[in-house]
Every structure is written in C-alpha cells, then in structure tokens.
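# Chain and residue survey
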Amino acid sequence: MAGRFPQRPTLPPGPVPRQAVTSERARVRRWTPQGPLDLGLVLGPLRRGPADPTFRATPDGSVWRACRTPAGPGTLRVRAYAGEVLGEAWGPGAEWLLDGLPELLGAADEPEAFVPRHRVVALARHRRPGLRLTRTGLVLESLIPSVLEQKVTTDEAYRAWRLLVRRFGEPAPGPAGVSERPMRVMPAARTWALIPSWEWHRAGVDDKRASTILRSVRVAARLEQSVGMPADEARARLEVVPGVGPWTSAEVVQRSHGAADAVTVGDLHLPGIVGWALAGDRHADDDRMLRLLEPYAGQRHRAARLILLSGQVPARRAPKMPRVDIGLL
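Here is a short report on the structure shown in this document. These numbers were taken from a predicted model, which means no experiment stands behind them.

### Quick word on the overall build of the protein
Helix and strand counts for the protein come out as 15 helices and seven strands. Looking at the protein as a whole, 53% of its 329 residues qualify as buried. A sequence separation of at least 24 residues applies to 68% of the contacts in the protein between residues at least 6 apart. In the structure as shown, the protein presents an accessible area of about 15,500 Å², 53% of it carried by carbon and sulfur atoms.

Structural data, given as structure tokens:
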C-alpha cells in the first residue's frame, strides 16, 4: 500500500522539476473534496511498482499520472493542500483528465456508508480517514497490468509492465515526458497487438498471459464501454475474454469503477490476511474469507483494504513463490 503524501498549508503554483520545462502550458482545475483526502491512499493502487513509468510521487506531495484517455495521451499532476486539490494536465487528454479529477479522487465513493463490524477494521478506519476509492474510468489501463500479475510474483509483474511500457509506450505529454526520469504513456491497443512474441519473452511474460492481453486489446473498445455499466455487469463482460477470471476482473473494477464490493478472490495471500485479522485463522481460504466479510456486504473491498492497512498480517511460514525469468530460458 502506498503511504501518505505530505500536506502543506498553502497552495502555491509550484516549480516544474529541473530539465522538465516545456512550451506547452498546463490546463488547471481546482477542486475542494468533501471530507479528508489522502492522495497516497486514494491513488496508490494505480501504481505498479516503485519504478512504474506511468506513475510518480514527488517529494513536494504531488502525484503524476501518464494516461491513455479516450481523447488521447495525457499527463495529470495532482497536489492537495489545506483541504484543496490542484490538478494540472497536459496533452490531448488533458480536459478529459481534469473532468474526471473528482471521481479519480473518490468523489463518487461513499465512505460514510461503511460501518465497521470488527475492532481492527474500526481502528484502521479511524487512523486512515482519508481513504477513498478511486474511479479512473479506464479499463485497459488496469486490465493489462492485472493480467501481467497473474500467477507470478509482484516483482516479475512490475518488471514486465515497466519494460513493455518503456519499450512500446510514448513520452508523456508536458514536463513529465522530458524530465530526468521521463514518464511514459502506455501503448495503444493496436500497439499492444503488434508486439512481437520475442518481446513478450524478453519481458518475462509467458504465452498464456500474453495471449490474454492480445485477446483483450482486440476487443478494447467493447471493454472500455463497460465503464458505463454497474461493476457486476462490467466484470461479466471482462470475464468473457478467455484468461480473464474473477481475480482479474475484481482487480480491474476496483480501479476503473471504484467498486467498493469487488473483493478479490483467488489471491495467494488475501484470504489468510483477512482470516488472521478477523478470526485468527491464517489458513483461511476464499470461502472462509467471504463468510468473514459477509457483515460488510456492499463494502467488502473497502473492508479488505482497511484490513491490509491495519498491519494485522500473519508471520510468513511458507517460502516465497520462486521467481522464474523466462527471458533467460
């Protein structure tokens, strides 16, 4: 989970990082959230590893995102100070990103509807009042990295995402694309479809996951349309694609739809963490986890996130999943 980003008492314009000045002017939007807002907690799930080329958190408390929107590539910088949010955006997708800024930061979420039923959950909520569920409105952006995370370690998945985006993506619009560590916009659907088999292999992606991504990008337009559907219907549409199952569809709608009830099943660690926190059962399976989360029906994903944020995690007893780099085979 991402940590908290620092908040400051005023909202100055803020300098652009060195070697990152461009002639393109940013479009700007200011927005005042209703209630506490922690940018690290809200936007943290969108980051795919510490070196994600599409996501960056800077020491001044800003969060940068490079996105492929329906209007084209765009870069968004978000800062929060003294109860106000400043959004700056560049590129063809700038207006789209600014229009969606409130929902990205949880404006469509309803954290007040959540009622803790366990002490550990209540304490986590009390300590993290700024937790809101993001809604990006973008499906493919979450689907592709979620497929890369299937049945491998997070390090392997993050490496694959990083290599593929850097190799086949495009520079982020605005200052982020020309900084000392340039950000990248993920490839378009057609570009994903044209990636040669050996490039998947070099990135450590096996044929099964690569094939799932290729099937997904061929119907990208239909999948993106699911943003306008309820989360359950969107998951059903996603799972029509062979290789996209309940685990993957839940991971997607948690981000694209802000789905508060889309609890992840089929995860290697989550059932044991939930079982340990709520019942002292480190060997809980998916069925046991779902029974324990029944009191949170409609808000099970939020409950699971609060449990993860509580730090109530059982000590590791089994060895880590072995890492296999197929690019070396």
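Let us keep going from here.
### Examining the sheet that holds strand 2 (residues 55–57)
Here we have five strands laid out as an open sheet, ordered 1-5-4-3-2, and antiparallel in their pairing. Edge positions in the sheet fall to strand 1 (27–31) and strand 2, since each of these pairs with one other strand and no more. Averaged over neighbouring strand pairs, the angle between their axes works out to 20 degrees when direction is ignored. Summarising the sheet, strand 1 and strand 5 (residues 84–90) pair through five bridges and their orientation is antiparallel. Paired with arginine 30 across the two strands is leucine 86, which belongs to strand 5.

### Comments concerning the packing of helix 5 (residues 140–148) against helix 9 (residues 207–218)
At their nearest, the axes of helix 5 and helix 9 sit 9 Å apart, and the two run at 165 degrees to each other. By the criterion of interaxial angle, the relationship of helix 5 to helix 9 is roughly antiparallel. Relative to helix 9, the crossing made by helix 5 is right-handed. Contacts between helix 5 and helix 9 involve Leu140, Leu143, Ile144, Val147 and Leu148 from the former and Arg209, Thr212, Ile213, Ser216 and Val217 from the latter. Partitioned by chemical class, the residues of the contact of helix 5 with helix 9 number seven nonpolar, two polar and one charged.

### What to know about the pattern of salt bridges
The tally for this structure, following the rule as stated, stands at 16 salt bridges. The salt bridge involving glutamate 251 is made with arginine 255; its shortest N-O contact spans 3.2 Å. A residue pair is termed a helical-turn pair when its members lie 3 or 4 positions apart in one helix, as glutamate 251 and arginine 255 do in helix 12 (residues 246–256) at four residues. Comparing glutamate 251 with arginine 255 shows no difference in burial state: the two are buried. Each of Asp60, Arg77, Arg79 and Glu88 takes part in one network of salt bridges that share partners.

### Details of the nonpolar core
One finds Trp192 and Trp200 to be the most contacted residues of the largest nonpolar core, which totals 33 residues. Residues in contact with tryptophan 192, not counting those within four places in the same chain, are Ile144, Trp161, Leu164, Met186, Pro187, Trp200, Ile213, Leu214 and Val217. Within the second largest apolar cluster, 22 residues are counted, among which are Val265, Met289, Ala303 and Leu306.

### With respect to unusual backbone geometry
The phi torsion at alanine 82 lies on the positive side, around 50 degrees, for a residue other than glycine. Along the chain, alanine 82 falls in the loop between strand 4 (72–81) and strand 5. One non-glycine residue, lysine 151, lies in positive phi territory at about 60 degrees. Inspection of the secondary structure assignment puts lysine 151 in the loop between helix 5 and helix 6 (154–168). By relative accessible area, lysine 151 is classed as exposed at 76%.

### Structural notes on helix 15 (residues 300–310)
With nine of 11 residues buried, helix 15 is to be regarded as a mostly interior element. All of the buried residues along helix 15 are His301, Arg302, Ala303, Ala304, Arg305, Leu306, Ile307, Leu309 and Ser310. On its buried face, helix 15 is in contact with helix 1 (39–43), helix 4 (119–127), helix 12 and helix 13 (270–279). Where helix 15 terminates, the next one or two residues include glycine 311, which has phi positive at roughly 80 degrees.

### Focus on the pairing of strand 3 (residues 63–69)
Among the seven residues that make up strand 3, six are buried, leaving the element largely enclosed by the rest of the structure. Here strand 2 runs beside strand 3; their pairing, made up of three bridges, is antiparallel. The partner of alanine 57 across the bridge, within strand 3, is valine 63. Two successive antiparallel strands, strand 2 and strand 3, enclose a turn made up of five residues, where glycine 61 displays a positive phi of approximately 90 degrees. Strand direction decides the pairing type here: strand 3 and strand 4, joined by seven bridges, are antiparallel. Bridging across to strand 4, arginine 68 finds its partner in proline 73. The turn linking strand 3 back onto strand 4 is made up of two residues.

### Topic: the packing of aromatic side chains
By the definition in use, this model includes four aromatic pairs. Relative to tyrosine 296, the ring of phenylalanine 114 has its centre 5.4 Å away and its plane inclined at 10 degrees; by these criteria the two rings are stacked. Taken as a pair, phenylalanine 114 in the loop between helix 3 (101–104) and helix 4 and tyrosine 296 in the loop between helix 14 (286–292) and helix 15 lie far apart in primary sequence, 182 residues in all. Across the pair, exposure class does not vary: phenylalanine 114 and tyrosine 296 are buried alike.

Rules behind the numbers
Residues numbered from 1 in each chain as written. Predicted model: local features only at pLDDT ≥ 70, side-chain atom pairs only at ≥ 80, totals over all residues. Heavy atoms only, no water. Helix = DSSP H or I, 4+ residues; strand = E, 2+ residues; numbered from the N terminus. Buried < 20%, exposed > 50% of the residue type's maximum accessible area, 1.4 Å probe, protein only. Contact = heavy atoms within 4.5 Å. Areas by Shrake-Rupley, 256 points an atom, 1.4 Å probe, with all protein chains shown as cover. Pairing = 2+ DSSP bridges. Axes fitted to C-alpha atoms, helices over the stretch in contact; angles between N-to-C directions. Parallel < 35°, antiparallel > 145°, perpendicular 65-115°, else oblique. Left-handed = near helix turned anticlockwise from the far one by under 90°. Nonpolar A, V, L, I, M, F, W, Y, C, P; charged D, E, K, R; others polar. Salt bridge = Lys/Arg side-chain N within 4 Å of Asp/Glu carboxyl O. Core = buried A, V, L, I, M, F, W, Y, C linked by side-chain atoms within 4.5 Å. Phe/Tyr/Trp six-rings, centres within 6.5 Å; stacked < 30°, edge-to-face > 60°.

Interpretation note: all reported values are geometric properties and have no functional meaning in isolation.
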